[in-house]
Amino acid sequence: MCGIIGYVGSDESDTMEVLIDGLSGLEYRGYDSAGVALADNSIDVHKKEGELSALESALPETTASDQEESVGIGHTRWSTHGPPSDVNAHPHTDADRRVAVVHNGIIENYQTLRDELVDAGIGFRSDTDTEVVPHLIGTYLDAGIDREAAFRRAIDRLEGSYAIAAVFEGSETIYAARKDSPLVLGIGEEGHYLASDVPAFIEYTDRVVYLDDGEFARLTPEDVVVTDSTGTVVETSIETIQWDAEDAGKSGYDHYMLKEIHEQPKALRQCLRGRLDELSGQVELEELGDLSRTGPVQFVACGTSYHAALYGATLLRERGVSAQAFLASEYDAEAVPVGADSMVVGVTQSGETADTMRALREANRAGATTIAVTNVVGSSAARECDYALYIRAGPEIGVAATKTFASQQTALTLLACALTDQGSRDLVRQLRAVPDQIQTVLDTSRAREIAEVYEDADAYFFIGRGYHRPVALEGALKMKEITYKHAEGFASGELKHGPLALVTENTPVFAMVTGDSEQASKTIGNVKEVEARDAPVVAVTDGQSNVDRYADHVLEVPAGDEITSSIVANVQLQLVSYWVANRLGRSIDKPRNLAKSVTVE
Amino acid sequence: MDSCSAIVLAAGEGTRLRPLTQHRPKPMLPAATKPILAHVFDELIEAGISDITVVVGYRRNRVQSHFGPTYRNVPIHYVTQEKQLGSGHALLAAEGDVDESVLVVNGDQLVDRQIIADVVDAHGRADATLGLVEHADVGEYGGVLLEDERVSEIVENPRDDRNYRLNAGVYAFEPTVFDAIRSAKPRAGEHSLVDGISEVIASGGDVRGVVSDGLWVDATYPWDLLRVADDLLEYDSRVASQVAPSVRVHESATIVEPVVVAPDCVIGPGAVIGPNVCLGENVTVGANATIEHSVLDTDTRVGGGATLRDCVTGRGVEVGAGSTVVGGPGDVRVGETICENEGLGALLADHVRDEGGVTYAPGTIVGSDTLVHAGSTVRGSVDADTEVRA
């Protein structure tokens, strides 16, 4: 369940337009169905399975321009409870359509609440957990309780995670609440906004208030009032967002993913700006202030961010620090010991990933020092951790992470230097060269030709050692996500312990080999094993070893050390996946079943 | 005209600027430290344009990834000219974006906002209006003859001594110009914008010219980037001598103004930079290096003790320790022709790497990705992707 938007404002603005614009800015959070509700003397609900365009074409002609409602809410959904369908789409209402509700998160006790409501004779239309909320509010309204109190009382009954917004018939007010799901309020000239994420309303205002866990908000055309769980008014601070509406367009590229791949040199310059001093060979991270490390370091992350975390852990271990990366969703299941001397680093692009947040909260409770490595200023991770290190990649719209992975790798390299007081003039110099090296890959890559050769392959395998292993895993994940083809990444040395059985002449193996170290020659040994089974080999290499002798194709990267060349080499793999998906006609920016920011566990 | 939108033509490579255009089109070459196209956008925005369409083609990724969907809050819309078949053909690619009078500007030449504003003011109900400047080099460009503010004739590379004004590449058009471009006979398979305008004149249309005295600068050859930077530093108040805040300058380094030093640069101990030096983003100058009158593009590294005079580098060039670019003037070979006595010390294209102790004779050009071994002396023109041994 993924993105919510709300708007209440002056009569001149077109509420429907604000809601639809907002949903299109949130579509990356989920897109299997969408809906809106507008309230005046009655509540109008429009909702539709499919992408936002399906909802737009289902809207009655008159609604877009002639409507006079000045308050509305909208939702774009990524299914958790109940399949995508018109009826499961939000908003949901009570039986008498007195209240409409949108929700992002999971209501864990919904079955209990639903049973209770069904026993009281209330009929349910959808399979969602959310529908209990409007019915609960409805029963309190029936009991003669006023709207705000009915909303608060319903919220009090919920267990789980939620960002919820509700509108009522005959009221120009939006009521909202959050717990463990993101919700931000926008303060505009023409009215007030709420959304799961800033891009939903950045077109209208850049002044925002972040709602904290357990807080309630009441939005009217005149003002915004935030209260705590007891109803006491909370003093809020308005922050100004630096991102502008630039984040909207594809700027001439066919897909956001390709645009974001090409933005990597710029993203890394932003990430590095002001943080490196080649004159002294030092790394300077102001955000980390007086942070010092004594105990072991644990990384928690999911998906692509987990691959960056693996890379970060290797960097620290190489500097003599005990460091490990954990999948956030397994962190409590694996009973990872964490204590006051631990440092826990959460790597999350959105800063809202529910699995990662849960692990970080557990670390906070255990008294560990927590650091968020994130792209989103003011995100839950940034606010709840002791320290936040921003990767400064700029907004990423494509669901498949590209530039944020490169920026995470770069930021984690900086973090490893800062935590160990081991900058080095050589590494600083290498880092400063990375944006140019990526630009060179973008200018010269032959990935598109490789993609043409192998678009019909049965499966794709990726192998790498050391710093290249996370990149091999990431290369495979990218391929899976956007081409829907089978792909696996392996540590090079693991191939012979099982996966080699999968290798055939129709399964290309992408081998990451840079430099001419012992690690590189070992991977070349693994390449020979693959070659002997007639599998085509694509070497991603800087030409310093003789791997090209055993490869069918070579994707070149500029020479650099292994730490930074793995950042650069990954760009070739991004391009291969992109072009395979493009040739297969996949929905590259919105792959099936996936959402960018997964705010459920 | 009331239109606030402009079309910028940025699809051509600019072949005379090779080898700098191997991976990017001419509009993306540095004028001081910013791409030429950024200066064009700046002037359009200062002249009140609030919507820009850019026609891209050759190496279009470079334009798109640099500017993105907006520039200074003005939306940028990209249209692609798949094959570069002339300036008129490029404009046709943007036809779908035009339904009223529109401003059209070349994206590879520096124009002043005054020229743009004068064209907008003069256009009125004309079919086409051309921005013109008085310029000594008119023989190298399009010469325009005026009769009472009406354009009577346009001559490419005029050789006679009639009173030609130079076509500054700033136009206002009515949508009818698209048909004129289509009906003009292509030359060598290319549709030129100027032929389209001549077609409008021939069919009795109202084509005006307005002469402005704003700055107009073009780079024909790579070493012209030195002159472009000089002109911007001298005449253009918007290109102030400055060192960006994120630059790290060692306390013992000396900056001799005017200079433009872009973000992320590092200037080592004892280095002397300037006058008339432009350092692009993330350029590194080693200890005790001396640089004057040079344009060094993004990510270039200059080794300790190197001396550069009248030098132009592409992206990511590495000049080794103790190397020397002696400085101009020198004769420069471009293809089959020799340009004599040009003020060029050396032109080092993208990713040229020298190992140090190299001497570059005046007028040297080194192609992209070439490796120059330590202690070599380089002169003349060196191909891309080769090795020069001592």
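Fair warning: this is a prediction, and the values are worked out from it, not measured in the lab.

### Topic: the overall build of chain B
1) Next: Counting secondary structure elements, chain B contains 7 helices and 39 strands.
2) Next: Compactness check: chain B gives a C-alpha radius of gyration of 22 Å against a globular reference of 21 Å for 390 residues, within 12% of the reference.
3) Next: By principal-axis analysis of the C-alpha atoms, chain B measures approximately 65 × 45 × 35 Å.
4) Next: Within chain B, the fraction of its 390 residues that count as buried is 57%.
5) Next: Once local pairs closer than 6 in sequence are excluded, the contacts in chain B between residues at least 24 apart make up 51%.

### A look at the overall build of chain A
1) Next: Summing up its helical and strand segments, chain A has 17 helices and 26 strands in all.
2) Next: Rg of the C-alpha trace for chain A: 25 Å, near the compact-globule value of 25 Å for 601 residues, within the 12% margin.
3) Next: Judged by the C-alpha coordinates and their principal axes, chain A covers about 80 × 50 × 45 Å.
4) Next: Nonlocal contacts in chain A, meaning residues at least 24 apart in sequence, comprise 71% of its contacts between residues at least 6 apart.

### Side note on the domain arrangement of chain B
Residues and elements named next belong to chain B.
1) Next: Here chain B is partitioned into domain 1 (5–217) and domain 2 (241–388).
2) Next: Computed from C-alpha atoms alone, the centre-to-centre distance between domain 1 and domain 2 is 32 Å.
3) Next: Contact residues are listed per partner, giving 7 residues for domain 1 and 13 residues for domain 2.
4) Next: Here the side of domain 1 that touches domain 2 is built from residues that sort into 4 nonpolar, 3 polar and no charged.

### Regarding the domain arrangement of chain A
1) Next: In terms of domains, chain A is made up of domain 1 (3–247), domain 2 (256–441) and domain 3 (445–601).
2) Next: The centre of domain 1 of chain A, based on its C-alpha atoms, is set 43 Å off from the matching centre of domain 3 of chain A.

### A look at the sheet that holds strand 20 (residues 272–273) of chain B
Residues and elements named next belong to chain B.
1) Next: With parallel pairing, the 7 strands of this open sheet are ordered in space as 17-20-23-26-29-34-37. A strand with exactly one partner marks an edge of an open sheet, and here the two such strands are strand 17 (254–255) and strand 37 (377–378).
2) Next: Here strand 26 (residues 307–309) pairs with strand 29 (residues 324–325) via 2 bridges, running parallel. If you follow Thr 307 over to strand 29, its bridge partner there is Thr 324.

### Brief notes about the interface of chain B and chain A
1) Next: Each side of the interface is counted separately: chain B has 25 residues, and chain A has 21 residues.
2) Next: Listed by contribution, the elements that provide at least two residues to the side of chain B that touches chain A are helix 2 (60–67) and strand 6 (74–80) of chain B.
3) Next: Of the residues forming the side of chain B that touches chain A, the biggest block, 4 residues, is contributed by helix 2 of chain B.

### Some details on the packing of helix 8 (residues 264–272) of chain A against helix 13 (residues 425–444) of chain A
Residues and elements named next belong to chain A.
1) Next: The interhelical angle for the contact between helix 8 and helix 13, taken along N-to-C directions, is 170 degrees, at an axis separation of 8 Å. As judged from the angle between their axes, helix 8 and helix 13 are roughly antiparallel. Every residue of helix 13 that contacts helix 8 at Gln 264, Pro 265, Leu 268, Arg 269 and Leu 272 is listed here: Leu 431, Arg 432, Val 434, Pro 435, Ile 438 and Gln 439.
2) Next: In the contact of helix 8 with helix 13, the residues fall into 7 nonpolar, 2 polar and 2 charged.

### Some points on the packing of helix 9 (residues 303–318) of chain A against helix 15 (residues 468–483) of chain A
All names here are of chain A.
1) Next: Two elements in contact, helix 9 and helix 15, have axes separated by 9 Å at closest approach and are oriented at 170 degrees. In terms of axis orientation, helix 9 runs roughly antiparallel to helix 15. The segment helix 9 lies against helix 15, with Gly 303, Thr 304, His 307, Ala 308, Leu 310 and Tyr 311 engaging Pro 470, Leu 473, Glu 474 and Leu 477.
2) Next: Looking at the contact of helix 9 with helix 15 residue by residue, the class counts come to 6 nonpolar, 3 polar and 1 charged.

### Remarks on the sheet that holds strand 9 (residues 184–187) of chain A
Residue and element names in this part refer to chain A.
1) Next: As summarised here, the arrangement of the 8 strands in space is 3-2-4-1-10-9-11-14, forming an open sheet in which the pairing is antiparallel. Looking at which strands have only one partner, the edges of the open sheet turn out to be strand 3 (43–49) and strand 14 (239–240).
2) Next: Inspection of the sheet shows strand 9 paired to strand 10 (residues 191–195) by 4 bridges, in the antiparallel sense. What sits directly across from Leu 185, in strand 10, is Leu 194.

### Details of the environment of Ile 563 of chain A
1) Next: Inspection of the secondary structure puts Ile 563 of chain A in helix 17 (residues 562–583).
2) Next: Counting along the chain gives 249 residues from Ile 563 of chain A to Thr 314 of chain A, while the straight-line C-alpha distance between them is 9.7 Å.

### Remarks on the nonpolar core
1) Next: Grouped together as the largest cluster of nonpolar side chains are 129 residues, with contacts concentrated most on Ala 301, Val 373 and Ala 511 of chain A.
2) Next: At 12 residues, the largest contribution of residues to this core is made by helix 17 of chain A.
3) Next: Counting only domains with at least three residues in this core, you end up with domain 2 (256–441) and domain 3 (445–601) of chain A.
4) Next: Those residues in contact with Ala 511 of chain A that lie beyond four places of it in its chain are Ile 463, Thr 523, Val 527, Val 537, Ala 539, Val 540 and Val 547 of chain A.
5) Next: Counting 122 residues, the second-largest nonpolar core is a separate cluster that includes Leu 17, Leu 91, Tyr 171 and Trp 216 of chain B.

### Details of helix 6 (residues 147–156) of chain A
All names here are of chain A.
1) Next: Listed in full, the buried residues belonging to helix 6 are Arg 147, Ala 150, Phe 151, Ala 154 and Ile 155. Down the axis, helix 6 shows its buried residues gathered within 135 degrees of arc, on one side only. Facing away from the buried side of helix 6 by more than 90 degrees, the exposed set consists of Ala 149 and Asp 156.
2) Next: Buried residues along helix 6 sit against helix 5 (132–142), strand 7 (160–168) and strand 8 (174–179).

### A look at the environment of Asp 14 of chain A
1) Next: Relative to the helices and strands, Asp 14 of chain A resides in the loop between strand 1 (3–9) and helix 1 (15–26).
2) Next: Residues Asp 14 of chain A and Leu 291 of chain A, spaced 277 residues apart in sequence, show a C-alpha to C-alpha distance of 49 Å.

### Topic: unusual backbone geometry
1) Next: Cis geometry marks the peptide bond from Arg 18 of chain B to Pro 19 of chain B; its omega dihedral reads 5 degrees.
2) Next: Here Pro 19 of chain B is to be found in the loop between strand 1 (5–10) and strand 2 (30–31).
3) Next: Following Gly 274 of chain B, the chain continues into Pro 275 of chain B via a peptide bond in cis, with omega recorded as 0 degrees.
4) Next: Along the chain, Pro 275 of chain B falls in the loop between strand 20 and strand 21 (277–279).
5) Next: In this structure, Arg 97 of chain A is a non-glycine residue whose phi angle is positive, near 55 degrees.
6) Next: When you line up the elements, Arg 97 of chain A lands in the loop between strand 5 (92–93) and strand 6 (99–107).
7) Next: Judged by C-beta crowding, with 16 C-beta atoms within 10 Å, Arg 97 of chain A ranks as partly exposed.
8) Next: For Ala 335 of chain A, which is not a glycine, the phi torsion comes out positive at approximately 50 degrees.

### Examining the confidence of the model for chain B
1) Next: Averaged over every residue, the pLDDT of chain B is 91; the share at 70 or more is 99%.
2) Next: What the predictor reports for the complex is a pTM of 0.80 with an ipTM of 0.89.

Calculation criteria
- Residues numbered from 1 in each chain as written.
- Chains lettered and ligands numbered in written order.
- Predicted model: local features only at pLDDT ≥ 70, side-chain atom pairs only at ≥ 80, totals over all residues.
- Helix = DSSP H or I, 4+ residues; strand = E, 2+ residues; numbered from the N terminus.
- Rg over C-alpha atoms; globule rule 2.2 N^0.38 Å.
- Buried ≥ 20, exposed ≤ 12 C-beta atoms within 10 Å, placed from the backbone.
- Contact = placed C-beta atoms within 7 Å.
- Domains from an automatic or database assignment.
- Nonpolar A, V, L, I, M, F, W, Y, C, P; charged D, E, K, R; others polar.
- Pairing = 2+ DSSP bridges.
- Axes fitted to C-alpha atoms, helices over the stretch in contact; angles between N-to-C directions.
- Parallel < 35°, antiparallel > 145°, perpendicular 65-115°, else oblique.
- Core = buried A, V, L, I, M, F, W, Y, C linked by C-beta atoms within 7 Å.
- Arc of directions from axis to C-beta.
- pLDDT = per-residue confidence, 0-100.

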